[in-house]
Amino acid sequence: MKIPFAQLAKALPALPILFLVACGSPEEELEVSGATKLSPEQIEEALAVRHPGAEAHFAENSDFFQMKTASDLPAGLLWKSGAEQAEFASPKALRGGTERIWVQDFPRTLRVVGPDSATSFRGFIHDNQEMSLVKKHPETGGYFPGLCSEWAISEDRKTAWFRLDPEARFSDGVPLKARHFFFTFYFMRSPWIQAPWYNNWYSEKYTRIAAYGDDIIEVGLKDAKPDTLRFFEEDLYPLPEHFYAEFEEDFINRYAWRFAPTTGPYVIHAKDIRKGRTLTQTRLDDWWANDKKFWRFRFNPDYREFSVIRDPEKALEAFISGDYEMQRIRTPDVWQEKLDKPPVQKGYIARAQFYNQIPRPCYSLRLNKSKRHLDNLDIRIGLQHASNFDLVLEQYFRGRYERMQTSSDGYGEFTNPDIKVREFSPAKAREHFAKAGFTKSGPDGILVNEQGQRLSFTVSTGYKRFADVLTILEREARKAGVEFQIEIIDATAAWKKAQEKKHEICFTALNRSVELYPRYWDFWHSFNAYKEDGSVKAETNNFTVTAYPEWDELIDRYEQSTDLAEIKSIAYELEQKIHDDASFIPGWIRPYLQCAYWRWVQWPEGFNARLAREHDELCIHWIDPKIKAETEAAMKSGKEFEETTLIFDQHQRKP
């Protein structure tokens, strides 16, 4: 439904919107509003905003959007608050200071949904700071409250109730109300956001949302699940209707550079964006969750300054020079050699290795079956045998990492233990290539078919740091008569190319949510492969463009199942089908995380939590100004400290 702008304007009170002219062409305009505190009068106006499209949607879908009263609340609900869970951050943490962070690409938008939003930067501005109703405890796997103070779940596990925390509010000061969750469903189901995954999730996973006044909501699930709270942990969060009062067909552009009010601790001011270069987050002094259990002692720096360094090698040099506080370590050569520099040797920089227990990021080659030759099973099996990841593990990772076996390693009993990756074998690869018609070698050793077509594929990636990995794969693949043309582009462009399915083979990895069992719908269901008109669907994570009716049936059963034994059985069957289909070539896993940091960065005892995926994901570190001053003085005077390399193995899985 097209909403006339005049009608939208009537719904929007005179709330402040800041404008910033970006560096570059005058037409590039940045609009940032969610960081601005509203007056009490403006807050009242904001709470009165009613988006006409949302109002119509609620009326047209009254079975889904329900208004109830306190007397309608079921009796005998067992309310829980997570009070039995222990805090995981340190009471020794200090607030203050500036954390400097390098990123490889500047974000293309401040939106967190829609085109160009699913980048690594989203974690900093949304995933790791935006609050949801509940959160998974990173040590126990239980739950603790976020935006609610307590929750209850029905006996059939298909309904959940949440009592909203009366102190919860957005960064502009607007209090959290049940209405904000209603608006989330309207927003996420709209075609205007151009996000098929969200459209499907919010339309298919939930059956209703009901409000018992302003402070209690009830949400119905389509299917009962053993892990009911998973549906409220990350994927259901409130949206400020007053901010989105101008939400309509041009959302993608209109809201590209508007910072939305957040329930989290950091905001972005207009003055702190230098487009393409730097961006700074500012900590809210009066963040509503400052003193809440599980949230206090976290998000400690007052400022987080992000600057762009496109070359990881230059970024590492900048870190060693003291330009940045911390450095993720992805490869053994950085840990063992590239950090063997005076600041490390003199104890100014420390290294830490922490064994975690998480579903592993799936570093892999994904073959786009909508592209020429890759729709042939023998070609795909041949490419499996032509990809020498074992040599990558031996030479590049120096035996410190392990070979991934399935697309869902790390899910315990829900990972199929019987599946083993295909061996590197040029002979077997050539056998399968021959079955596909590639029987002759060209002058350069690359196989050709009767039509003179070379067996050549472009491998696209945004991982410049793994250029040597791809060099090994390219060199070894030639032994099997296949050419890998390596295309390394910036990370954002590589991700966009994969999401638009313009790649032939993409080398990528996705972080996995810490969940009981793996997801398959996102990556393997035909809904995420093709549109109704038969064209390839963009903005999904089905990078292999897999579309098999029998897989869809299994995935739908998997999604609907409430029985863990059945879920496990289907997971095993699906994983076997993925193996047999050969469009996913597993890479490697690392059983720990590694980082380096200047010694003024401090951590809780034990360093991190069992389910942490990255060292900074939980934001439990802090900057100690006294240690920083001591370190800077020592560097000037030549004083040295003991070299520090810490291994935290309390969560290491024993053989």
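Cut-off values and rules
Residues numbered from 1 in each chain as written. Predicted model: local features only at pLDDT ≥ 70, side-chain atom pairs only at ≥ 80, totals over all residues. Heavy atoms only, no water. pLDDT = per-residue confidence, 0-100. Contact = heavy atoms within 4.5 Å. Phe/Tyr/Trp six-rings, centres within 6.5 Å; stacked < 30°, edge-to-face > 60°. Helix = DSSP H or I, 4+ residues; strand = E, 2+ residues; numbered from the N terminus. Lys NZ or Arg CZ within 6 Å of the ring centre and 35° of its normal. Buried < 20%, exposed > 50% of the residue type's maximum accessible area, 1.4 Å probe, protein only. Arc of directions from axis to C-beta. Salt bridge = Lys/Arg side-chain N within 4 Å of Asp/Glu carboxyl O. Axes fitted to C-alpha atoms, helices over the stretch in contact; angles between N-to-C directions. Parallel < 35°, antiparallel > 145°, perpendicular 65-115°, else oblique. Left-handed = near helix turned anticlockwise from the far one by under 90°. Nonpolar A, V, L, I, M, F, W, Y, C, P; charged D, E, K, R; others polar. Pairing = 2+ DSSP bridges. Right-handed = clockwise from strand over helix to strand, strands pointing away. 1 Å grid on protein atoms, 1.4 Å probe; cavity = no way out; pocket = protein on both sides within 12 Å on 5 of 7 lines; lining within 4 Å. Points joined across faces, edges and corners; volume = space filled by probe spheres on them. Domains from an automatic or database assignment. Buried area = accessible area lost by both parts, 1.4 Å probe.

### Focus on the confidence of the model for the chain
Step number 1: For the chain, the average pLDDT comes to 92, and 95% of its residues sit at 70 or higher.
Step number 2: Predicted confidence is poor over residues 1-30, with pLDDT under 50, and the contacts of this stretch with residues over four places away or in other chains come to 70 contacts.

### Observations regarding the packing of aromatic side chains
Step number 1: A complete count under the given rule lists 69 aromatic pairs for this structure.
Step number 2: On the numbers, 5.6 Å between centres and 20 degrees between planes, the contact of Trp201 with Phe231 is stacked. Of this pair, Trp201 sits in helix α6 (residues 196-204) while Phe231 sits in the loop between β10 (216-221) and α7 (251-254); the two residues are 30 residues apart in sequence, bridging distant segments of the chain.
Step number 3: Among the aromatic side chains, those forming a connected cluster through ring pairs are Tyr355, Tyr363, Phe389, Tyr396, Phe397, Tyr401, Tyr463, Phe466, Phe507, Trp588 and Tyr592.
Step number 4: Positioned above the aromatic ring of Phe231, the side-chain terminus of Arg230 is 4.6 Å from the ring centre.
Step number 5: The residue whose ring lies beneath Arg366 is Phe523, and the NZ or CZ to ring-centre distance is 5.9 Å.

### Considerations on helix α13 (residues 426-435)
Step number 1: Regarding α13, the residues found buried are Ala429, His432 and Phe433. Buried residues of α13, viewed axially, fall in a sector of 105 degrees; they line one side.
Step number 2: Lining the buried residues of α13 we find α11 (377-386) and β20 (447-448).
Step number 3: Where α13 ends, the next residue or the one after it, Gly437, has phi of about 100 degrees, a positive value.

### Thoughts on the pattern of salt bridges
Step number 1: For the structure shown, the criterion picks out 52 salt bridges.
Step number 2: Close ionic contact of Arg230 with Asp227 constitutes a salt bridge, the shortest N to O distance being 3.0 Å.
Step number 3: On the basis of relative accessible area, Arg230 is assigned to the buried category, the value being 8%.
Step number 4: For Asp250, the salt bridge goes to Arg254, with nearest N and O atoms at 2.9 Å.
Step number 5: When salt bridges that share partners are traced, they join Glu246, Glu248, Asp250, Arg254 and Arg258 into one network.

### Considering the packing of helix α17 (residues 549-560) against helix α18 (residues 564-581)
Step number 1: Relative orientation of the contacting elements α17 and α18 amounts to 150 degrees, with a least axis distance of 10 Å. The angle between α17 and α18 places the two elements in the roughly antiparallel class. Along this stretch, α17 crosses α18, giving a crossing that reads as left-handed. For the pair α17 and α18, contact is made by Trp551, Leu554, Ile555, Arg557 and Tyr558 and by Glu566, Ile567, Ile570, Ala571, Glu573, Leu574, Lys577, Ile578 and Asp581, respectively.
Step number 2: When grouped by side-chain class, the residues that make up the contact of α17 with α18 number nine nonpolar, no polar and five charged.

### Comments concerning the pairing of strand β22 (residues 483-488)
Each regular strand displays side chains that alternate between the two surfaces of the sheet.
Step number 1: Sheet topology places strand β21 (residues 456-461) next to β22; six bridges connect them, and they run parallel. Bridge pairing in β22 places Val459 opposite Ile486.
Step number 2: For the handedness criterion, the β-α-β arrangement of β21, helix α14 (residues 467-478) and β22 is classed as right-handed.

### Re the layout of surface pockets
Step number 1: Size it by volume and the second largest pocket reaches roughly 440 Å³.
Step number 2: Along the walls of the second largest pocket sit 21 residues, with Arg360, Glu402, Gly410, Ile589 and Arg653 positioned nearest its centre.
Step number 3: Considered class by class, the residues forming the lining of the second largest pocket number seven nonpolar, eight polar and six charged.
Step number 4: Residue assignment places the lining of the second largest pocket across two domains, with domain 2 (309-356 + 591-648) and domain 3 (364-589) each supplying three or more.

### Concerning the domain arrangement of the chain
Step number 1: Along its sequence, the chain is carved into domain 1 (5-66 + 94-283), domain 2 (309-356 + 591-648) and domain 3 (364-589).
Step number 2: With centres defined by C-alpha atoms, the gap from domain 1 to domain 2 works out at 33 Å.
Step number 3: Of the residues lining the interface, 20 residues belong to domain 1; the matching set on domain 2 comes to 25 residues.
Step number 4: A per-residue breakdown of the area domain 1 buries against domain 2 is headed by Leu94, Arg100 and Trp102, which together make up 39% of the total.
Step number 5: At the boundary of domain 1 with domain 2, the tally comes to two salt bridges.
Step number 6: Arg100 is the partner of Glu325 in a salt bridge, and the nearest nitrogen-oxygen pair spans 2.8 Å.

### Regarding the sheet that holds β21
Step number 1: Spatially, the five strands line up as an open sheet ordered β22-β21-β23-β17-β24, and their pairing is mixed. Both edges of this open sheet fall to β22 and β24 (584-586), since each of them pairs with a single strand only. Neighbour to neighbour, the strand axes of the sheet diverge by 25 degrees on average, direction disregarded.
Step number 2: Bridge analysis of strand β17 (residues 364-367) against strand β23 (residues 505-508) gives four bridges, and the strand direction is antiparallel. Looking at the pairing, Arg366 lines up with Cys506 of β23.
Step number 3: Against the sheet, α11 touches β17, β21, β22, β23 and β24, its axis set at about 10 degrees to β24.
Step number 4: Its contacts with the sheet place α14 against β17, β21, β22 and β23, and it is angled at close to 165 degrees to β22.

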